[in-house]
Amino acid sequence: MEYAIELKGISKSFGPVAANKNINLSLAKGEILALLGENGSGKTTLLQSIIYGAVTQYKPSDVNIYILDFSSRTMSVFASMPHIGGVCFDGEDDKLSDTFELFANELAERKKKFASMGIASFKEYVQFSDDTPAMLMILDNFTAFYENYDKFDDDLAVITREGVSYGIYTIITANVSGDLRSRLRQNFNCGIALQMPDRFEYEAVTGERTEIIPEGRTPGRGLIKAPVSVKFQAALAVKETDGLSQAQSIKKSLSCVNVESGSKGAKKLGQVLDSLPIKELLEEVRDYPENKFAVGKTMDGETVLTLDMDNEYCVSIVGLGKTGKTNLIKAFALEAIQKKDDIILFDGKSEELKEFAKTAKIKNYITDAAGLFKIMQDDIVPKFGERNGIVNEARDAGRNVADSLKDQRRIVILINDYVSFIETVYSDEYDMNAFFETALEKGRDHKIQFVAAMTNDDVSDCARYQVSRQFTSMESGVNLGGMFDQQNVLHWEMSSADAVRELPAGFGYALTEDGAVARMLTPLV
C-alpha cells in the first residue's frame, strides 16, 4: 500500500500507562477521512496530532495543508509553518472563498496536466515527477461550517468525490455520520469513530459490523478500521509544557522545528497582489517570446498570465461597465509597442483614447468609417493578401506557419468601442463588411490579431451582424470585474461561487497555460 500521508511511531503515555506506543496513522492514496465523535471526544486533538506529524515528517514541497477551523479556533498555531497555506475561521468569507477557489483551480489544472501525460492518478504521476505536492483540506466541525456556508456544498462535494485521484485529500470532523449530507458522506472511504453514542454509530463510521465497543469515556478513544475495526486511542501531538495549553505547547515545539531550506511551501491565502504598474509588468516580460502577450498576474503575484497570440485571432475583453477594459486595451498597446508590432487603434467617436494614442505615438488612430476604410484599403487588405500566400505555401509544404511568418511584423488591431466598430464595418457609406467577414472566416494564422473591449450588452446589441457573431464565437479572451455568469462569450469551467462573484475594476479571470481558470489583476496604465 502506498500512502499520501503516513505518520509513524506516535506514542503517548499517561503516567506509567502507555496509551499509544509506536502507533502508525496513514492516509492512503485514494482515501478521504471522516473523523466523527461527540463534543469533547478528542476530534480536534487528533487533528492536531495529524497536522503536527505531517509538518514535522514531510517537506513543505511534499504536502500542503489548508485548515478550516470551525471548532476550537486553536489551529492558528500551525499557520507559520510553510506547509500550511492558510487557517480559516467562521466569518472569514473572502478567505473561505479563496480556499475553495484554490482547490477548484488546482483540481482543474491537475486534471488537464494528468490527461496530457496520459496519467490516470496521482499515484502514477509521482512516479514521473515530484513537482506536485499532496494537498490536504481539513474541515473541523462540519455542522458549524454548513450552517453559514452551505453555498460551498457543491464545491466540497466535487473536491471529496474527484480530488483523491489527483492528490487532493480531505479530512472532515462531525458529531455523527448523519450530520454529513448523504452525497458528501458517500465520498468517504475511511473513518475514525470517537466516543459514539451506540454501536450502530460506530458501525456507520467504520462501515462494518462490530462487537467491539470502546469502554469508558476517555477523550480520544474509539474505533478505527485498520483494516478491521480495532480500538484506538488518539495521542497528544506534544507533551504539554507546565503552564501552557496543548495549543501553546504545539506552537512552542514548532518554533524549534528545522524546515529544509529552499523547499517550496504551500501557496499562502491572503497574500494577494493589490497593484500592478504597467512598467513593472513590461519589464518582467521584456524577454518573453514575441508571441506571448501578458494580460496580468495571478493574485499571489507568482505567475504572469499570457495569451499565445500565434494561437489567437479574436480576443474578447469582456466585462461590465467600468471594470478596466479600456485600461487593458492601453496595456495591450504598450506591450505591442515594446515588441515593435504594428498597432491599429479604433476608438470610435468618443475619442476616449485620443490623448493616450498621441502620447504613445500610435500612428493609426481611428475614430470613424472613413479612417477605418482607409486603413483597411491601404494596409490591412494588402497585408492579408501578402501573408495569405506565405500561409498557403507553408501549409502545402507541411511547414510551421508561425515559423514561415517570423519575418513579418505582427499587426494588432485594438478596438476600444466595440459597438461603434461593428456598426462602422456595416456602414452604408463604405463597403467593408464583405472583407471583414471573409477575414474573420479565413484570416487566422496570418499574424494579425483583433483585441476588443466589450460588455455583454454590446454583444447582444451586435448579434445581428455576422462579424460580431464570428468574433465572439472564438470564445477567447479575459473576463474583468467578475460576474462571469452574466456574460455569454467565454465558456470556462469554474465553481458556482466564482461564477457569481463580483470583482473590483482591474481584477478578473484568465486561463493559465494548462487551461485552468485563474483570478488575476491586470496592469494599471
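As shown above, the structure is provided for reference.
Residues numbered from 1 in each chain as written. Predicted model: local features only at pLDDT ≥ 70, side-chain atom pairs only at ≥ 80, totals over all residues. Heavy atoms only, no water.

### A look at the pattern of salt bridges
Thinking step 1. Per the stated rule, a full pass over the model turns up 22 salt bridges.
Thinking step 2. Arg 110 is the partner of Glu 106 in a salt bridge, and the nearest nitrogen-oxygen pair spans 2.7 Å. Placement of the pair is Glu 106 and Arg 110 together in helix α2 (residues 93–116), with a separation of 4 residues, close to one helical turn. For the pair Glu 106 and Arg 110, one class covers both residues: buried. (Salt bridge = Lys/Arg side-chain N within 4 Å of Asp/Glu carboxyl O. Helix = DSSP H or I, 4+ residues; strand = E, 2+ residues; numbered from the N terminus. Buried < 20%, exposed > 50% of the residue type's maximum accessible area, 1.4 Å probe, protein only.)

### Looking at a negative patch on the surface
Thinking step 1. A contiguous patch of negative charge on the surface is contributed by Asp 90, Asp 93, Asp 94 and Glu 147.
Thinking step 2. Here Asp 90 is to be found in the loop between β5 (84–89) and α2.
Thinking step 3. You can call Asp 90 partly exposed: its relative accessible area is 37%. (Patch = residues over 30% accessible without salt bridge, like charges linked within 9 Å, V, L, I, M, F, W, Y side chains within 5 Å. Areas by Shrake-Rupley, 256 points an atom, 1.4 Å probe, with all protein chains shown as cover. Lys, Arg positive; Asp, Glu negative; His and termini not counted. Charge placed at Lys NZ, Arg CZ, Asp CG, Glu CD.)

### So, the sheet that holds strand β11 (residues 292–298)
Thinking step 1. Ordered by their spatial adjacency, 10 strands build an open sheet running β12-β11-β20-β19-β18-β13-β17-β16-β14-β15, and the pairing between neighbours is mixed. The sheet is open, and its two borders are formed by β12 (304–308) and β15 (364–366), each paired with just one other strand. Taking the axes of each pair of neighbouring strands and ignoring which way they run, one obtains an average angle of 25° across the sheet.
Thinking step 2. As paired strands, strand β19 (residues 507–511) and strand β20 (residues 517–521) are joined by 5 bridges and run antiparallel to one another. Looking across to β20, one finds that Ala 510 is bridged to Ala 518.
Thinking step 3. In the packing of helix α12 (residues 369–397) onto the sheet, the strands contacted are β14 (342–346), β15, β16 (411–415) and β17 (448–454), and the crossing angle to β15 comes to about 130°.
Thinking step 4. Contacts from helix α17 (residues 466–473) reach β13 (314–319), β16 and β17 within the one sheet, and its direction differs from that of β17 by about 100°. (Pairing = 2+ DSSP bridges. Axes fitted to C-alpha atoms, helices over the stretch in contact; angles between N-to-C directions. Contact = heavy atoms within 4.5 Å.)

### Details of the pairing of β20
Thinking step 1. Within β20, 5 of the 5 residues are buried, which leaves the element mostly enclosed by the surrounding structure.
Thinking step 2. Alternating residues of β20 divide into Val 517, Arg 519 and Leu 521 and Ala 518 and Met 520, and every residue in both groups is buried.
Thinking step 3. As paired elements, β11 and β20 share 2 bridges and run antiparallel to each other. Bridging across to β20, Thr 298 finds its partner in Met 520.
Thinking step 4. The hairpin formed by β19 and β20 contains 5 residues between the paired strands, and Gly 515 there has a positive phi angle of roughly 90°.

### Notes on unusual backbone geometry
Thinking step 1. For Glu 351, which is not glycine, the phi dihedral falls at a positive 50°.
Thinking step 2. Within the secondary structure, Glu 351 sits in the loop between β14 and α11 (354–359).
Thinking step 3. Even without glycine at this site, Lys 447 takes up a positive phi of about 60°.
Thinking step 4. Locating Lys 447 in the fold gives a position in the loop between α15 (433–442) and β17.

### Let's talk about the side chain of Thr 306
Thinking step 1. Of note, Thr 306 is situated in strand β12.
Thinking step 2. Beyond its immediate sequence surroundings of up to four residues, Thr 306 is in contact with Tyr 288, Lys 292, Phe 293, Ala 294, Leu 511 and Glu 513.

### Concerning α2
Thinking step 1. Taking 1.5 Å as the rise per residue, α2 with 24 residues should run 34 Å; its terminal C-alpha atoms sit 35 Å apart, in good agreement.
Thinking step 2. Trailing α2 by a residue or two, Gly 118 shows a phi angle of about 70°, which is positive. (Expected span 1.5 Å × (residues − 1).)

### Concerning the packing of aromatic side chains
Thinking step 1. Under the counting rule described, the total for this entry stands at 23 aromatic pairs.
Thinking step 2. Each ring, one from Phe 114 and one from Tyr 125, has its centre 4.8 Å from the other, and the planes form 20°; the classification is stacked. One end of the pair, Phe 114, is in helix α2; the other, Tyr 125, is in helix α3 (residues 122–125), with 11 residues separating them in the sequence.
Thinking step 3. The buried category is assigned to Phe 114, whose relative accessible area is 1%. (Phe/Tyr/Trp six-rings, centres within 6.5 Å; stacked < 30°, edge-to-face > 60°.)

### Thoughts on the packing of α2 against helix α5 (residues 153–162)
Thinking step 1. As a packed pair, α2 and α5 sit with axes 10 Å apart at the nearest point and diverge in direction by 40°. Viewed along their axes, α2 and α5 adopt a mutual orientation that is oblique. Here α2 and α5 pass one another in a crossing that is left-handed. The segment α2 lies against α5, with Phe 100, Phe 103, Leu 107 and Lys 111 engaging Asp 155, Leu 156, Val 158, Ile 159 and Glu 162.
Thinking step 2. Of the residues in the contact of α2 with α5, the class split is 6 nonpolar, no polar and 3 charged. (Parallel < 35°, antiparallel > 145°, perpendicular 65-115°, else oblique. Left-handed = near helix turned anticlockwise from the far one by under 90°. Nonpolar A, V, L, I, M, F, W, Y, C, P; charged D, E, K, R; others polar.)

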